[in-house]
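Residue strings, one per chain:
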Amino acid sequence: FQPDAKLNVDQAARRNLMQLGRRAFRRPVDSEDVDAMVDLVSSAVSRGESFEQAMQYGLQLMLVSPRFLFRVESSPRPDDAEHAEDVGQFELASRLSYFLWCSMPDEELFRLAQEGTLSRRDVLVGQVQRMLDDSKSSALIDQFAGQWLNLRNLKSIRPNKQAFPEFDEELAGDMRRETQLLFET
């Protein structure tokens, strides 16, 4: 959105930042989430900078926000270890997508979270299956299995040549791929 006869600078900045904020913060955003960013954009425009330049400041502020940098999950009683509570719909969408895809939730996960149906068992099972069927799930194998089983370290392992004369780079690659295929299955 650009400022024009229908939208002033604040309104255009707010629309842009709220749309971006939903993806960046992995949840719906409200005015409170973007007020400081809109103020920064407005201030830059009033100093003579173009709207595009000013929007860069707003975007920079969004990108250094803890809500962008961290997957924030709030609890009404964070210090009470005895109190367990279900995660919210958007937190569940983020957990799923970052675990299975190492990426942010897609539009379908956002939509189901918004509807409040993602945590329903049948919907959740269907989404996990959909996500595992997607090529992005290879990230689970590469990242999770790579860390958990130390597959990343295979490149640096050099077994004793006398005890394992057949070991070479090709065998190391095959060992890694075989483990990945087992984990994938």
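Structural data are supplied above this passage.
What counts, and where the lines are drawn
- Here the residue index of a chain counts from 1 through its sequence in written order.
- The predicted origin of the model limits local features to residues at a pLDDT of at least 70 and limits the giving and counting of side-chain atom pairs to 80 or more, whereas totals for whole chains, interfaces and linings rest on all residues.
- Side-chain measures were taken over the full set of non-hydrogen atoms in the model, leaving aside hydrogen atoms and water.
- Under the DSSP-based scheme used, a helix requires at least four consecutive residues in state H or I and a strand at least two consecutive residues in state E, with every element numbered from the N terminus.
- Two things to know: the radius of gyration comes from C-alpha atoms, and the globule rule equals 2.2 Å times the number of residues to the power 0.38.
- The rule is simple: take the accessible area with a 1.4 Å probe, protein chains only, and divide by the maximum for that residue type; under 20% is buried, over 50% is exposed, in between is partly exposed.
- Any two residues having at least one pair of non-hydrogen atoms within 4.5 Å are treated as being in contact.
- In short, Shrake-Rupley with a 1.4 Å probe defines the accessible areas, and a residue's cover is counted only from the protein chains shown.
- Positive charges are assigned to Lys and Arg, negative charges to Asp and Glu, while His and the chain termini are left out of the count.
- Just so you know, the charge point we use is NZ for Lys, CZ for Arg, CG for Asp and CD for Glu.
- Multiply 1.5 Å by the residue count of a helix minus one, and that product is the helix's expected span.
- By definition, the arc is the one covered by directions from the helix axis to the C-beta atoms.
- Residues adjacent in sequence count toward polar contacts only when both atoms are side-chain atoms; beyond that, a polar contact is any pair of N or O atoms within 3.5 Å, and within protein one must be able to donate a hydrogen and the other to accept it.
- Working definition: a ring pair exists when centres of Phe, Tyr or Trp rings (six-membered ring for Trp) sit within 6.5 Å. Plane angles under 30 degrees give stacked, over 60 give edge-to-face, the rest tilted.
- A positively charged side chain is recorded as over a ring if its NZ (Lys) or CZ (Arg) lies within 6 Å of the ring centre. The angle to the ring normal must also be within 35 degrees.

Next up on the list: the overall build of the protein chain. Summing up its helical and strand segments, the protein chain has 9 helices and 0 strands in all. Along the protein chain, from the amino end to the carboxyl end, the secondary structure elements read α-α-α-α-α-α-α-α-α. By the compact-globule yardstick of 16 Å for 185 residues, the protein chain is too spread out, its C-alpha radius of gyration being 23 Å. Relative to its 185 residues, the protein chain shows a buried fraction of 29%. Put simply, 53% of the contacts in the protein chain that link residues at least 6 apart link residues at least 24 apart. By element, 53% of the accessible surface of the protein chain is carried by carbon and sulfur atoms, the whole surface being about 12300 Å². Seen as two clouds, the 23 positive and the 31 negative side-chain charges of the protein chain have centres 2 Å apart.

What follows concerns helix α1 (residues 9–24). Three- or four-residue spacings in an α-helix give side chains the same orientation, since the helix completes a turn every 3.6 residues. Between its first and last C-alpha atoms α1 spans 21 Å; for 16 residues at 1.5 Å apiece the expected length is 22 Å, and the two agree. For α1, the set of buried residues is Ala12, Ala13, Asn16, Leu17, Gly21 and Ala24. Relative to the axis of α1, the buried residues are bounded by an arc of 155° and lie together on one face. Where the residues of α1 are buried, they touch α2 (31–46), α3 (51–63) and α4 (66–69). Of the residues flanking the start of α1, the one acting as N-cap is Asn8, its side-chain oxygen 3.0 Å from the backbone nitrogen of Asp10. One or two positions beyond α1, positive phi appears at Arg26, with a value near 60°.

The next subject is the packing of aromatic side chains. Tallying each qualifying case throughout the model produces 5 aromatic pairs. With a centroid separation of 6.5 Å and an interplanar angle of 40°, the aromatic rings of Phe90 and Phe110 are classed as tilted. Here Phe110 lies in helix α6 (residues 107–115) and Phe90 lies in helix α5 (residues 89–100), a separation of 20 residues in the sequence. Accessibility classification places Phe90 together with Phe110 in one group, the buried group. What links up through ring pairs into an aromatic cluster is the set Phe99, Phe144, Trp148 and Phe183. The ring of Phe25 carries the charged tip of Arg67 above its face, separated from the ring centre by 5.5 Å. Lying over the aromatic face of Trp101, Lys136 brings its terminal NZ or CZ to 3.8 Å of the ring centre.

In short, geometric facts, not functional conclusions.
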